[in-house]
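Coordinate analysis (summary)
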Amino acid sequence: MNDELIGLMAAFVAALSFGSYSVPMKGEAATRVDVDPLVFQSYKAFAVFLTSAILIYCNNILAEEENVNYHNWATFHKWSVSDFTPWAFLSAILWVPGGTAGVYAVRRAGLAISVGIWSCVIVIVSFVWGVLIFGEKQKSGALGAVKAVSVLCIGLCGIAYFSSSEPERKKKIKNSLEEEVIDETTPMMSGDDNVSLDLESFPHCGQPPHSHQTLHLHLPPLISKKTIHVPKYHLGLFFAFLNGLLAATIMIPLHYAPPHSTQGIGYSMSFGVAAMIVVLFAWLLRWIICAVQCRSVKDGYQSLPSFHFKDMLRPGMLAGLLYSIGNLSGIVSIQKLGNFMGYSLNQSSMIVSGLWGIIYYKEIPGFKNIVGFILSSVIVF
């Protein structure tokens, strides 16, 4: 089996996984407790670490067998602690805040539009890294790559546009709602567990929770006395863009890591360990910020959001498992096809997430929008 076919198969699996791992973020359990983005990201990080550790354990058992070689292409390389690469920390430093922003985007702006935005950004940034910086050779040449990414972006932008469209009836309903205002005096969300949500209309109506609310961000007096008013929906769109920008760079360290640390699933294990460490530091930083604001270490700790183990363990671990499968498949596709082609094909996940939005969450209402979404998907392929 040649490298190109392996890469295409891995990209297909990655697209399915990446297109589905965001679904639990918008599920009824996450909505009921209004889960904090960093809490959900922590579940994802733990699931990535756990699945990587299990795969490495199985991989090492198979590697100990002599002359293991299935179908002349599947070889196993034993992984040890010495194979850990510090480059994984750079990937994790990009992934943890990016993934947290992605959770916020899905929760506040919607699944289809959020994945649509960050997929477009990832394709463009991957093109810059792969073709322009790393000089990856494409069969059609540099001009052909430019044409390909242009057509791909047109299709992706169409998907993003039609998945964000709303019928006039829903717009009128939204405009008739009295705007709710949230005073956000801290950089993070409140740890209050008492959340009131309309579960009869969400998640199957396409309306993200609290998307019509506005955040009032009070800047520190030393910086400015002004108050910034930001609709949560628009903030969600911005965070989707930010997630795309960071996600497109996550696998760049893979090019610089030593070859022995990237063989098989080695980099995935290094990434899982690094992700857990970075998440712990993120919580420590958040605790420090809360302690400073509360002027008490104890009060700062108590103000941290709940993990809601009973409600969020399953959806959080499921999201992490799907992401881990997509991450491992994405690594293989990038190694076989190159950063631009491999990562760009992975962004077909937008089609998968769009189908979730149409069928399950009903985020794309109206026959015209659904047809536009399908035609845009055909352009992508």
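So, here's what we can say about the structure. Since this is a predicted model, take the numbers as computed values, not measurements.

Our next topic: the side chain of serine 268. Turning to its location among the elements, serine 268 is positioned in helix H10 (residues 266-294). Reaching out from serine 268, the side chain makes a polar contact with the side chain of serine 52 at a distance of 3.0 Å.

Turning to unusual backbone geometry, a few remarks are in order. Despite not being glycine, aspartate 34 shows a phi value in the positive range, around 50 degrees. Assignment of secondary structure puts aspartate 34 in the loop between helix H2 (28-33) and helix H3 (37-64). By relative accessible area, which is 13% here, aspartate 34 ends up buried. One non-glycine residue, histidine 308, lies in the positive phi region at around 50 degrees.

What follows covers the packing of aromatic side chains. Within the structure shown, the criterion is met by 14 aromatic pairs. On the basis of an interplanar angle of 70 degrees and a centroid distance of 5.3 Å, the ring pair of tyrosine 21 and tyrosine 323 is categorised as edge-to-face. One end of the pair, tyrosine 21, is in the loop between helix H1 (3-20) and H2; the other, tyrosine 323, is in helix H12 (residues 309-337), with 302 residues separating them in the sequence. In this structure, tyrosine 21 and tyrosine 323 share a single accessibility class: buried. Aromatic pair tyrosine 43 and phenylalanine 309: ring centres 6.3 Å apart, planes at 80 degrees, arrangement edge-to-face. Of this pair, tyrosine 43 sits in helix H3 while phenylalanine 309 sits in helix H12; the two residues are 266 residues apart in sequence, bridging distant segments of the chain.

Looking now at helix H8 (residues 232-247). The end-to-end C-alpha separation of H8 is 22 Å, in line with the 22 Å expected for 16 residues at 1.5 Å each. Inspection of H8 places Lys232, Leu235, Gly236, Ala240, Asn243, Gly244, Leu246 and Ala247 among the buried residues, and these make up the whole buried set.

Two side chains that carry opposite charge are able to pair once their charged atoms sit near each other. Going through the model one piece at a time under the given rule, you end up with 4 salt bridges. In this structure, arginine 32 and aspartate 311 form a salt bridge, with 3.0 Å as the shortest nitrogen-oxygen distance. Of this pair, arginine 32 sits in helix H2 while aspartate 311 sits in helix H12; the two residues are 279 residues apart in sequence, bridging distant segments of the chain. Relative accessible area serves as the criterion here: at 25%, aspartate 311 is assigned to the partly exposed category. For the salt bridge of arginine 286 with aspartate 36, the shortest nitrogen-to-oxygen distance reads 2.8 Å. A residue pair is termed long-range when its members are at least 10 positions apart, and arginine 286 in helix H10 and aspartate 36 in the loop between H2 and H3 qualify at 250 residues. Aspartate 36 matches arginine 286 in its accessibility class, with the two residues each being buried.

Conventions we followed
Residues numbered from 1 in each chain as written. Predicted model: local features only at pLDDT ≥ 70, side-chain atom pairs only at ≥ 80, totals over all residues. Heavy atoms only, no water. Helix = DSSP H or I, 4+ residues; strand = E, 2+ residues; numbered from the N terminus. Polar contact = N/O pair within 3.5 Å; in protein donor to acceptor, adjacent residues only side chain to side chain. Buried < 20%, exposed > 50% of the residue type's maximum accessible area, 1.4 Å probe, protein only. Phe/Tyr/Trp six-rings, centres within 6.5 Å; stacked < 30°, edge-to-face > 60°. Expected span 1.5 Å × (residues − 1). Salt bridge = Lys/Arg side-chain N within 4 Å of Asp/Glu carboxyl O.

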